[in-house]
Structures are given as structure tokens and as C-alpha cells.
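Reading the structure
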Amino acid sequence: KNQVEQSPQSLIILEGKNCTLQCNYTVSPFSNLRWYKQDTGRGPVSLTIMTFSENTKSNGRYTATLDADTKQSSLHITASQLSDSASYICVVSAGPGGGNKLTFGTGTQLKVEL
Amino acid sequence: NAGVTQTPKFQVLKTGQSMTLQCAQDMNHEYMSWYRQDPGMGLRLIHYSVGAGITDQGEVPNGYNVSRSTTEDFPLRLLSAAPSQTSVYFCASSFTTQETQYFGPGTRLLVL
């Protein structure tokens, strides 16, 4: 069964600090991995999308890494801001052999405090 | 571009009532989908469409119907609402199933 597990479940950090969120997956066949940011009461917004051949991708202060061998990804947030407070969702897409299905993680809830 | 729009933002229903959640996109995306999001669970796929006239079931389709008569619109119908359908519903669209999805703002549904 395809699964995406994220850790930690929740995290509190001080403004200006860095943090790293983890995503482990067992999805086959792998097509791509996406990170989304979801503010409270809003729909998810895409941060990055990475295919098998990409091991790092940045979007401003967000940097995602992918290790397809160990089936792990991380999202690193640099110099956090209050506006980074949100849920971060890891999503893995199976390829055509897997029906192009998306498997969603349950998210990491990040709170940035003063 | 308005992106993906959803109406209503919030709805209260009584058990047994029916209603339609509206979703529209103006990005000419072929792929559209409906998800529900419940506390402690990841987004779950209800129904999806790969183009006008084509729909298919997702992971949790029971109690819901969809149709796709145009590229732009993808309404979700609740046939006979049940308290278990209390949730937040998101519509999403993308050019293909392998590309980034754009989500709407969500509809919060409470079934009493």
C-alpha cells in the first residue's frame, strides 16, 4: 500500500531560526514528489515539485531535497518568518504504472513565534 | 486569472438534504479533482476528471456524484447528506496528473 509519512507532526520555532521537515514514502512506481504549504482556512499552495532525477529544488527560503534511493525528502526553511506558520504537506505521485495516483501525507504543523 | 474558485465558502445541511458544491477554473486545465480534508488525515480523493465528459472515482466516492460538461466547471453533488460528510472540500486543477495542482479556497460543510 502506498504511504507517505511526515515528521514531526508539529513544530514550534522562534522567528529567524531554520527548521527541517521530513517526509518518508513508499510509493511505487515513483513519479514525482511535491511539497505544499497550507495556511489555516485556505487551500494548499505548491512550493516545489521534484522528479526522480532532481535531488534539490529551491523556492525562495524553502529548499526541498529528495533521496530516491532511501525514499526520503526534506523541506528546509531558512530564516523563518511569522508568515511561515502553516501546515506543510508532502505529496507523492505514482507514475502511469501506478494509475498516476497521488498519496498525501498528513502534514507537519509549523508555528513560528516571536 | 481567478485561478480555482469554489462556492459556497460555508454550508450547513440537515441529514438527507442534497446540494451541489461548485468549482470553476480559468486556466484551461484538463485535470480536475475533488478532495475532502478531515482532521488528522491527509487529503482524500473523491472524484476526478481528465477532461470534459470524462470522470472517474477516487478513494472515497460513496455519497457523491460529479459531472464535467465543460473544461472550466466540475461540480460535486451530495445526494443525501450524512453527518460523516462533514468536512472541508477542496477542488483542484492541473494541466496533467503529473503536474502541480492548483487548489481552490475550500468549502466548509457541516451536516447536522
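Up top you'll find the structure we're talking about.
So, a few notes on the structure that sits alongside this text. (Residues numbered from 1 in each chain as written. Chains lettered and ligands numbered in written order. Predicted model: local features only at pLDDT ≥ 70, side-chain atom pairs only at ≥ 80, totals over all residues. Heavy atoms only, no water.)

Focus: the overall build of chain A
The number of helices and strands found in chain A is 0 helices and 11 strands. Each helix (α) and strand (β) of chain A, taken in turn from the N terminus, gives the series β-β-β-β-β-β-β-β-β-β-β. Whereas a compact globule of 114 residues would reach a radius of gyration of roughly 13 Å, chain A reaches 14 Å, a difference of no more than 12%. Dimensions along the principal axes, computed over C-alpha positions, put chain A at roughly 45 × 25 × 20 Å. If you take every contact in chain A between residues at least 6 apart in sequence, the share linking residues at least 24 apart comes to 55%. Accessible surface, chain A as shown: approximately 5,600 Å² in total, 48% of it carbon and sulfur. The averaged location of the 8 negative side-chain charges in chain A is 6 Å from the averaged location of its 10 positive side-chain charges. (Helix = DSSP H or I, 4+ residues; strand = E, 2+ residues; numbered from the N terminus. Rg over C-alpha atoms; globule rule 2.2 N^0.38 Å. Contact = heavy atoms within 4.5 Å. Areas by Shrake-Rupley, 256 points an atom, 1.4 Å probe, with all protein chains shown as cover. Lys, Arg positive; Asp, Glu negative; His and termini not counted. Charge placed at Lys NZ, Arg CZ, Asp CG, Glu CD.)

A short note on the state of the cysteines
All names here are of chain A. Here the structure, examined in full by the defined rule, presents 2 disulfides over all chains. Paired by a disulfide, Cys23 and Cys90 hold their sulfur atoms 2.0 Å apart. Taking the sign of the S-S torsion, -65° for the link of Cys23 and Cys90, the bridge is left-handed. You can see Cys23 sitting in strand 3 (residues 19–26) and its partner Cys90 sitting in strand 9 (residues 86–94), a full 67 residues away along the chain. Given the relative accessible area of 0%, Cys90 is considered buried. (Disulfide = S-S within 2.5 Å. Buried < 20%, exposed > 50% of the residue type's maximum accessible area, 1.4 Å probe, protein only.)

Thoughts on the pattern of salt bridges
Taken as a whole, this structure holds 6 salt bridges over all chains when the rule is applied. A salt bridge links Lys57 of chain A to Glu54 of chain A, with the shortest nitrogen-to-oxygen separation between them at 3.2 Å. A residue is classified by how much of its surface remains accessible, and Lys57 of chain A, at 29% relative accessible area, is partly exposed. Note that Asp38 of chain B and Arg44 of chain B form a salt bridge whose closest N and O atoms lie 2.8 Å from each other. Note on Arg44 of chain B: relative accessible area 18%, which makes it buried. Look at the salt bridges and you will find they share partners, linking Arg36, Asp38 and Arg44 of chain B into a network. (Salt bridge = Lys/Arg side-chain N within 4 Å of Asp/Glu carboxyl O.)

What about the side chain of Ser93 of chain B?
Looking at the secondary structure, you find Ser93 of chain B in strand 9 (residues 87–94). At a separation of 2.7 Å, a polar atom in the side chain of Ser93 of chain B contacts the side chain of His29 of chain B. (Polar contact = N/O pair within 3.5 Å; in protein donor to acceptor, adjacent residues only side chain to side chain.)

Quick look at the nonpolar core
Core analysis: the largest hydrophobic core is formed by 25 residues, its most contacted members being Tyr25, Leu33, Trp35, Leu75, Tyr88 and Val92 of chain A. Listed by contribution, the elements that provide at least two residues to this core are strand 3, strand 4 (30–38), strand 5 (45–51), strand 7 (62–67), strand 8 (72–77), strand 9 and strand 11 (108–113) of chain A. By residue number, the principal contributor to this core is strand 9 of chain A, which donates 5 residues. In this structure, Val4, Val66, Ala81 and Cys91 of chain B belong to the second largest nonpolar core, which totals 20 residues. (Core = buried A, V, L, I, M, F, W, Y, C linked by side-chain atoms within 4.5 Å.)

Comments concerning a nonpolar patch on the surface
Residues and elements named next belong to chain B. A cluster of nonpolar side chains, contributed by Phe10, Val12, Leu110 and Leu112, occupies part of the molecular surface with about 360 Å² of accessible area. Topologically, Leu110 is positioned in strand 11 (residues 107–111). For Leu110, a relative accessible area of 33% gives the class partly exposed. (Patch = residues over 30% accessible without salt bridge, like charges linked within 9 Å, V, L, I, M, F, W, Y side chains within 5 Å.)

Some points on the sheet that holds strand 6 (residues 56–59) of chain A
The pairing of strands in a sheet happens through backbone hydrogen bonds and is either parallel or antiparallel. Residues and elements named next belong to chain A. Pairing is antiparallel in the open sheet, where 5 strands are placed in the order 1-3-8-7-6. Whereas interior strands pair on both sides, the edge strands pair on one side only; in this sheet they are strand 1 (3–7) and strand 6. Shown here is a sheet whose adjacent strand axes are inclined to one another by a mean of 15°, direction ignored. Sheet analysis places strand 1 next to strand 3, joined by 5 bridges and oriented antiparallel. Opposite Glu5, over in strand 3, you have Asn24 as the bridge partner. (Pairing = 2+ DSSP bridges. Axes fitted to C-alpha atoms, helices over the stretch in contact; angles between N-to-C directions.)

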